[in-house]
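Below, each chain spelled out in residue letters.
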Amino acid sequence: MTQSVVVQVGQCGNQIGCCFWDLALREHAAVNQKGIYDEAISSFFRNVDTRVVGDGGSISKGKICSLKARAVLIDMEEGVVNEILQGPLRDVFDSKQLITDISGSGNNWAVGHKVFGSLYQEQILEKLRKSAEHCDCLQCFFIIHSMGGGTGSGLGTFLLKVLEDEFPEVYRFVTSIYPSGEDDVITSPYNSILAMKELNEHADCVLPIDNQSLFDIISKIDLMVNSGKLGTTVKPKSLVTSSAGAVKKRHQKPFDAMNNIVANLLLNLTSSARFEGSLNMDLNEISMNLVPFPQLHYLVSSLTPLYTLADVNIPTRRLDQMFSDAFSKDHQLIRADPKHSLYLACALMVRGNVQVSDLRRNIERLKPSLQFVSWNQEGWKTSLCSVPPVGHSHSLLALANNTCVKPTFMELKERFMRLYRKKAHLHHYLQIEGMEESCFMEAVSSLSGLVEEYNQLDATKSMPVEDLPRLSIAV
Amino acid sequence: MSIVTVQLGQCGNQIGFEVFDALNTDSHCPQGLCSKRENEAYQASCKERFFSEEENGVPIARAVLVDMEPKVTSQTLSKAAQSGRWKYGQHSCFCQKQGSGNNWAYGYSVHGPRHEEAIMNLIQKEVEKCDSLSGFFIIMSMAGGTGSGLGAFVTQNLQDQYSNSLKMNQIIWPYGTGEVIVQNYNSVLTLSHLYRSSDALLVHENDALHKICAKLMNIKQISFSDINQVLAHQLGSVFQPTYSVEGSCHYRRNPLGDLMENLVPHPEFKMLGIRNIPQMSENSLAYSTFTWAGLLKHLRQMLISNSKMEEGIDWQVRPPLSGLPTFGKVSLNRELHFNTSIANLVILRGKDVHSADLGGFKDPALYTSWLEPIHAVNVWKTQRAFSKYEKSAALVSNSQFLLKPLDTIVGKAWNMFASKAYIHQYTKFGIEEEDFLDSFALLEQVVASYCNL
C-alpha cells in the first residue's frame, strides 16, 4: 500500500485542506471500528506516540495512538494556518510541517513564485523530504491551491518544479481552484495564466474546479432540502457538502460547504487505492488511462449523488440516475458541458454496493449520447470499491478528459488580454526581480498551444470513424 | 503428476481462489454417483494434481500468488483460510506495495527484472513439493499491468528455466467496452509475447461469462465473484480427473500433457476455448433432466455456430458440404458463420456415460483438411459426476472461435497506435514503437492463419 502527501498552499488551499483532513478522519473512523492502525489509514496518516520527543515516535502497527496528517502547510500570511492550529484539528498537524510568513503575497503571482520561492526553497525542500522519509512507499503528492491569488498560485506552482526535480518518480496531482467570472481579485487573470504555464509543464494531472460551479451545486442542494418536495428527509451526513458527524466539531464557515465538495472529491479519488474492492484502481492508473498525451492532463470531475434520501432500499432506477447525473453539466465541478464536447477518455470510480453488471448496463445506456475521439471509441476506465462514503450506500466519481475544458481556458485568456492590452497593474509584476514581459508572453503562448491541441481534436469530432488500413503480412 | 498454479494480479488471484475452491468442493461432493472406492480414487487424483498435504489434514493449494500491491492477495489468503476446507501455503505469496498502474511496460520491464529472483524462487519451492511435475497453469488478465506484463515476463522465465515442463496460460479477455482504456495495447503486447513462450492459451471472455450469468444463471446483479465462479466451474469440468485407458478407478496422470497432445498439434494454433453444458443455477438444476443425445447435440451446434452457451444458439449454421470450399476462407468483412475446428476434446462426466454417442463430433466437415478426424477428436469419459450435475459435458476446442475477437482487438489497438495516443506511457519504461510493431505483425500472422483454416 502506498502513501500520499498533501501539500496545501495559500488561504484557499489551506481551507480546503482543513476540510479534507476532517472528512478523512471521519471516513476512517467510520470504516475502522477497532482503532487499529492499518494500511488504509497509513496512506494519509502517520501513527505517532506523542510521548516521545523528536522524531522517534512513529508506530507502524497496532492500536492507533495519535494520528498525524501527512501534510505540509504553506502560507505566506499567518491568519489561516494559525486558525487551523488553534482549532479542533490542531492535534492532527505537526508544527514542523508548516511554512509561514507574515506579509502575504499581495495577490501577486510574481511575489509568490519568485520572491517567496527563492526565499523558502530550502525550507520547503527540507519539509518535503521529511514527509517523504516518513513514508514507506510514497506514490503521490496532492497539491491544493487556487489560481487567482498570489501564494497558492505563485508559490504553489513553484513547488511543482521542486517536486519534479526532487521526486521525479512521485506523481503530482494538482487540485486547482480557478477564478470565476465575478472574481473580486482584479489581477486573477494574470495570476491564473502565469500559473497555467507551470501546470502545463510540471503537473502530472490537474483537476480544475471553479467556485461558481461549487456555489451552484450548493444552491441546488439547498433548494432540494428546503423545498419539502421530496417527502422523505435527506440524510444529513450524506450531503456532499456537510461535515456532520465529523470527528472534530467545528462551526460551519462560509466556504465550508464548497470546500467539503472538493474534500469529498479527493477522498473518492483515493478510495479505490485505500480500500478493497472487486476492481481496484490505483492512483498511477489514473494517469496511465486518462492522459493520452502528456500535455492533455486536465480532468473534469463530477460527484454524484449529492445527497441520499432516507430510504433504505435503493431501486435500480436511482442507481442509474446516479450515472446519468454524472454526465450532466449541472454536476460538473467546473463550468463545462462534457456531453456536447469530445471525450478523450473517461473514468468511472464507483463506491459501495454496485456490481459490474450495473456498471456495464449504464455504460451501454449512456454511450450513444456521448462522443468519443475516433481512436478511443471505448475509452472507459472503471473501478469498483466496496466501501461507500460516509452516509451513502454508493457513490460515483466521474473523471473526464474532455475538450469541454477549452472554454474555461479561452475565457481566462480573454480576461487576461483585456488587462494586458492596457498594461493594467503590470508594474506590480515587472518590478519583481526575474519578471519580464516575456514571462507573460510565454505563459499566453503556452495556453494558446494547449487550446490549439484541443481545437485540433475537436475538429475530428464530426468526421466519420474510419478504420485505418492494417499491417499486411506475407502469408 | 502435479500442476503448479501461478496467480498474477488482481484478476488472476481472484479467479485462482474460485478455481481451487470449486475443485476442492467438487472432490468432496457426496453426490458423485459412483462407488465409494471410485470416489476416493477421484479425490486422491484431484489432490495429487492441485493440493499438497498439511499436518492437520487441511490441503494446501499448489499455488504461488503474485501481485504488485497487497490488498487482493491478503484478501485471497484470508478467504481461503476462513473456508476451513483448504488454504494457501503461508509463504506462497509475493507482493509489493505499488501496483503496475495498468502499464504493461511497467509490469514487464520494471517489476519483472526487479522481482525475478524472488518470484522464481517461490515457484521453485512449490515445484519441489511435487513428486512429479505435469506443468504450470498461469492465471492472468490481459487488460491490466501486472497480470499482463508481469505474466508475460514470468511465462518467458518459466520457458527458460523449466524448458521440459508444459505451460498453459489461462487468459481473461476483457469486456469489449473497456474496463481499462489501454486494454487493447496491453492485450496485443501480452498475446504476442505469450505466443512465443507459452504452450497453450486457454481463453475466457468476460463478455461471454457475463452473458452466462445473466441468461443461464439468472443472476440479477452480477458481480465479478459470480463471473469467476462460472469460470471456475468450466475449468473444473476440464481439469478434474478423468479415466485413463484402464478405466474405472484409474485416472489420467498427466493432465496438461494429455490436453496439449490432443489439442495443440501445431505451434501456430495455440488458442483454446471451453464450452460447457449444462450450466444453470442450483435452483433450476433440481427440476431438470438431461439425455446425452440432447446435451451433445446442443454442444455440437454451440461449437459450429461459435456460441458460448446453450441459449440463443443459431441453428441455421451448418457445416459446409464436403467438396465445396468452406465458408471459413471468406474474408473477415463478412460474418464468419461457420466455426472450423482444428482439434476438439470432449469430456463427459456422469451417469450412463458409456452410452453417449459422439458421432456428430467426428464429422470431417467440422475440421480443417490437414488433420484426419480420428486425430482431431478425442473423448474422455468418466463415470464420476461433476459438481452436482448428473450429466455434464465439456468441450475444449482449438478452433476459429477467437478469430473475430482477436481481429477486433488488433484493429482497435492499431487505430489507437496510429494516433500515438498513450505511447509515451510505454516508451517511458522501455517498450518502444518497434516492439509494438513486432507485436502487431505477429498477431496479424495469427489472424491470417486462423482465417485460412
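All values derive from a computational prediction rather than experimental measurement. Sequence order as written defines residue numbering, which begins from 1 separately in each chain. Chains carry letters and ligands carry numbers; both start at the beginning, A for chains and 1 for ligands, and go up in the order they are written. With pLDDT at 70 or above as the cut-off, local features in this predicted model cover only qualifying residues; side-chain atom pairs require 80 or more to be listed or tallied, and sums for whole chains, interfaces and linings still use all residues. Computation of side-chain values: all heavy atoms of the structure, hydrogens and water removed.

## Here we look at the overall build of chain B
For chain B, the count of helices and strands is 15 helices and 13 strands. Just to be clear, the radius of gyration here is over C-alpha atoms, and the globule rule we use is 2.2 Å times residues to the power 0.38. Taken over the C-alpha trace, chain B has a radius of gyration of 21 Å; the compact-globule value for 453 residues is 22 Å, and the two agree within 12%. For chain B, the spread of C-alpha atoms along the principal axes amounts to about 65 × 60 × 45 Å. Buried positions account for 64% of the 453 residues belonging to chain B. Expressed as a percentage of contacts within chain B between residues at least 6 apart in sequence, the contacts between residues at least 24 apart total 81%. Counting only carbon and sulfur atoms, one obtains 50% of the accessible surface of chain B, whose full area is about 16700 Å². Helix numbering and strand numbering both begin at the N terminus, where a helix is a DSSP run of H or I of at least 4 residues and a strand a DSSP run of E of at least 2. Only protein chains enter the accessibility calculation, which uses a 1.4 Å probe; a residue whose area is less than 20% of its type maximum is buried, one above 50% is exposed, and one in between is partly exposed. Between two residues, a contact is recorded if the distance between any of their heavy atoms is within 4.5 Å. Computed with a 1.4 Å probe, the accessible areas rest on the Shrake-Rupley method; for each residue, only the protein chains presented here act as cover.

## Quick look at the overall build of chain A
The helix and strand tally for chain A stands at 14 helices and 13 strands. Principal-axis analysis of the C-alpha atoms gives chain A an extent of 60 × 60 × 60 Å. Residue pairs in contact within chain A that sit at least 24 positions apart in sequence constitute 81% of those at least 6 positions apart. Of the accessible surface of chain A, which amounts to about 18600 Å², a share of 52% is contributed by carbon and sulfur atoms.

## Quick word on the interface of chain A and chain B
Contacts between the two partners involve 56 residues from chain A, matched on the other side by 51 residues from chain B. Carbon and sulfur atoms make up 53% of the area that chain A and chain B hide from each other, which totals about 4400 Å². One side-chain nitrogen of Lys or Arg within 4 Å of one carboxyl oxygen of Asp or Glu is enough to make a salt bridge. At the junction of chain A with chain B, the criterion picks out four salt bridges. The salt bridge involving Glu-378 of chain A is made with Lys-412 of chain B; its shortest N-O contact spans 2.9 Å. A 3.5 Å cut-off defines polar contacts: any pair of N or O atoms within that distance qualifies, except that in protein one atom must be a possible hydrogen donor and the other a possible acceptor, and neighbouring residues in sequence count only when both atoms are side-chain atoms. Between chain A and chain B we count 31 residue pairs in polar contact (both at pLDDT 80 or more) in total. When residues of the side of chain A that touches chain B are traced back to their parent elements, those giving at least two are helix H8 (256-274), helix H9 (283-290), strand S10 (342-352), helix H11 (356-366) and strand S12 (380-385) of chain A. Any residue outside Ala, Val, Leu, Ile, Met, Phe, Trp, Tyr, Cys, Pro, Asp, Glu, Lys and Arg is labelled polar, Gly included; the first ten of those are nonpolar and the last four are charged. Its residues assigned to classes, the side of chain A that touches chain B shows 26 nonpolar, 15 polar and 15 charged. Summed over both partners, the accessible surface that disappears when two parts come together, traced with a 1.4 Å probe, is what is meant by buried area.

## A look at the pattern of salt bridges
All names here are of chain A. Within the structure shown, the criterion is met by 32 salt bridges over all chains. With a closest N to O distance of 2.8 Å, Glu-27 and Arg-351 form a salt bridge. A residue pair is termed long-range when its members are at least 10 positions apart, and Glu-27 in helix H1 (residues 10-31) and Arg-351 in strand S10 qualify at 324 residues. For the pair formed by Glu-27 and Arg-351, the shared burial category is buried.

## Concerning the domain arrangement of chain A
All names here are of chain A. Domain segmentation is taken from an automatic or database assignment of domains. On domain assignment, one finds that chain A holds domain 1 (3-244 + 254-271), domain 2 (303-405) and domain 3 (407-460). Computed from C-alpha atoms alone, the centre-to-centre distance between domain 1 and domain 3 is 27 Å. Between domain 1 and domain 3, the residue contacts involve 22 residues of the former and 26 residues of the latter. Interface of domain 1 and domain 3: buried area, both sides summed, is about 2100 Å²; carbon and sulfur atoms make up 76% of it. Linking domain 1 to domain 3 there are zero salt bridges. Inspection of the region where domain 1 meets domain 3 yields seven residue pairs in polar contact (both at pLDDT 80 or more). Mapped onto the side of domain 1 that touches domain 3, the elements with two or more residues apiece are helix H4 (109-133) and helix H6 (188-202). In terms of residue count, the dominant contributor to the side of domain 1 that touches domain 3 is H6 (nine residues). Within the side of domain 1 that touches domain 3, the residues separate by chemical class into 12 nonpolar, eight polar and two charged.

## Structural notes on H9 of chain A
Counting buried residues along H9 of chain A, eight of its eight residues qualify, which places the element largely inside the surrounding structure. Of the residues making up H9 of chain A, those classed as buried are Leu-283, Asn-284, Glu-285, Ile-286, Ser-287, Met-288, Asn-289 and Leu-290 of chain A.

## What about the packing of helix H12 (residues 406-421) of chain A against helix H14 (residues 437-459) of chain A?
Residues and elements named next belong to chain A. In this description, a line fitted to the C-alpha atoms serves as the axis of each element, helices being fitted only across the stretch in contact, and the angle between N-to-C directions of two axes falls anywhere from 0 to 180 degrees. It is the contact of H12 with H14, at a shortest axis distance of 10 Å, that shows an interaxial angle of 150°. Judged by the inter-axis angle, H12 sits roughly antiparallel to H14. Here H12 and H14 pass one another in a crossing that is left-handed. On H14, the residues that touch Lys-406, Phe-409, Met-410, Lys-413, Phe-416 and Tyr-420 of H12 are Glu-437, Phe-440, Met-441, Val-444, Leu-447, Ser-448, Leu-450, Val-451, Tyr-454, Asn-455 and Asp-458. In the contact of H12 with H14, the residues fall into 11 nonpolar, two polar and four charged. Roughly parallel refers to an angle under 35 degrees, roughly antiparallel to one over 145, roughly perpendicular to one between 65 and 115, and oblique to any angle outside these ranges. Throughout, a crossing is termed right-handed when the near helix is turned clockwise from the far one, and left-handed when it is turned anticlockwise from it by less than a right angle.

## Re the nonpolar core
Residue and element names in this part refer to chain B. For this analysis, a nonpolar core means a set of buried residues of the types Ala, Val, Leu, Ile, Met, Phe, Trp, Tyr and Cys, connected via side-chain atoms within 4.5 Å. Core analysis: the largest hydrophobic core is formed by 295 residues, its most contacted members being Ile-123 and Phe-239. Dropping the residues within four chain positions of it, Phe-239 is found in contact with Ile-3, Arg-49, Phe-50, Phe-137, Met-168, Leu-202, Leu-256, Leu-259 and Arg-349. Ala-41, Tyr-42, Tyr-251 and Phe-386 belong to the second-largest nonpolar core, a separate cluster that totals six residues.

## Observations regarding empty space enclosed by the protein
Definitions used throughout: a 1 Å grid over protein atoms alone; a cavity as a set of points that fits a 1.4 Å probe which cannot get out; a pocket as an open set with protein on both sides within 12 Å along at least five of seven lines; a lining residue as one with an atom within 4 Å of a point. Grid points are joined across faces, edges and corners, and a volume is the space filled by probe spheres set on the points. One pass over the full model with this rule turns up eight cavities of 30 Å³ or more. Here the largest cavity defines a volume of roughly 530 Å³. Along its surface, the largest cavity is lined by 40 residues, and Leu-279 of chain A together with Gln-10, Cys-11, Ser-141 and Gly-144 of chain B are the ones closest to its centre. Breaking the lining of the largest cavity down by element, the ones donating at least two residues are H8 and S12 of chain A together with helix H1 (9-27), helix H3 (70-83), helix H5 (146-161) and helix H8 (224-239) of chain B. If one sorts the elements of the lining of the largest cavity by residue count, H1 of chain B sits on top with six residues. Classifying every residue of the lining of the largest cavity gives 14 nonpolar, 19 polar and seven charged.

## A look at the pairing of strand S7 (residues 133-141) of chain B
Every other side chain in a regular strand lies on the same face of the sheet, so the side chains alternate between the two faces. Residues and elements named next belong to chain B. Within S7, nine of the nine residues are buried, which leaves the element mostly enclosed by the surrounding structure. Only when DSSP finds a minimum of two bridges between them are two strands counted as paired. With seven bridges connecting them, S7 and strand S8 (residues 166-173) associate as parallel partners. Of the residues in S8, the one forming a bridge with Ile-138 is Asn-169. Seen with the strands pointing away from the viewer, any crossover whose path from the first strand over the helix to the second strand runs clockwise is right-handed. Handedness of the S7-H5-S8 crossover: right-handed.

## Some details on the pairing of strand S7 (residues 171-178) of chain A
Residues and elements named next belong to chain A. The buried fraction of S7 is high, at eight of eight residues. Here S7 shows a buried face lined by Tyr-171, Phe-173, Thr-175 and Ile-177 and a second buried face lined by Arg-172, Val-174, Ser-176 and Tyr-178. Both strand S6 (residues 138-146) and S7 contribute to a ladder of seven bridges, which runs parallel. When the bridges of S7 are listed, Ile-144 appears paired with Thr-175. Between the parallel pair S6 and S7, the chain is carried across by helix H5 (residues 151-166), and the sense of this crossover is right-handed. Bridge count between S7 and strand S8 (residues 205-210): six bridges; the pairing is parallel. Opposite Phe-173, over in S8, you have Cys-205 as the bridge partner. For the handedness criterion, the β-α-β arrangement of S7, H6 and S8 is classed as right-handed.

## Some remarks on the sheet that holds strand S9 (residues 200-205) of chain B
Backbone hydrogen bonds hold the strands of a sheet together, and the pairing may be parallel or antiparallel. All names here are of chain B. Reading across from one edge, S6-S4-S1-S7-S8-S9-S10-S13-S11-S12 is the order of the 10 strands in this open sheet, with mixed pairing throughout. Looking along the sheet, the strands with just one partner apiece sit at the ends: strand S6 (93-95) and strand S12 (377-382). Here the strands of the sheet are splayed against their neighbours by 20° on average, with no regard to which way each runs. Strand direction decides the pairing type here: strand S1 (residues 2-8) and strand S4 (residues 63-67), joined by four bridges, are parallel. Residue pairing for S4: Val-6 is matched across the bridge by Val-64. Along the sheet, helix H6 (residues 183-197) makes contact with S7, S8, S9 and strand S10 (271-277), crossing S8 at roughly 165°.

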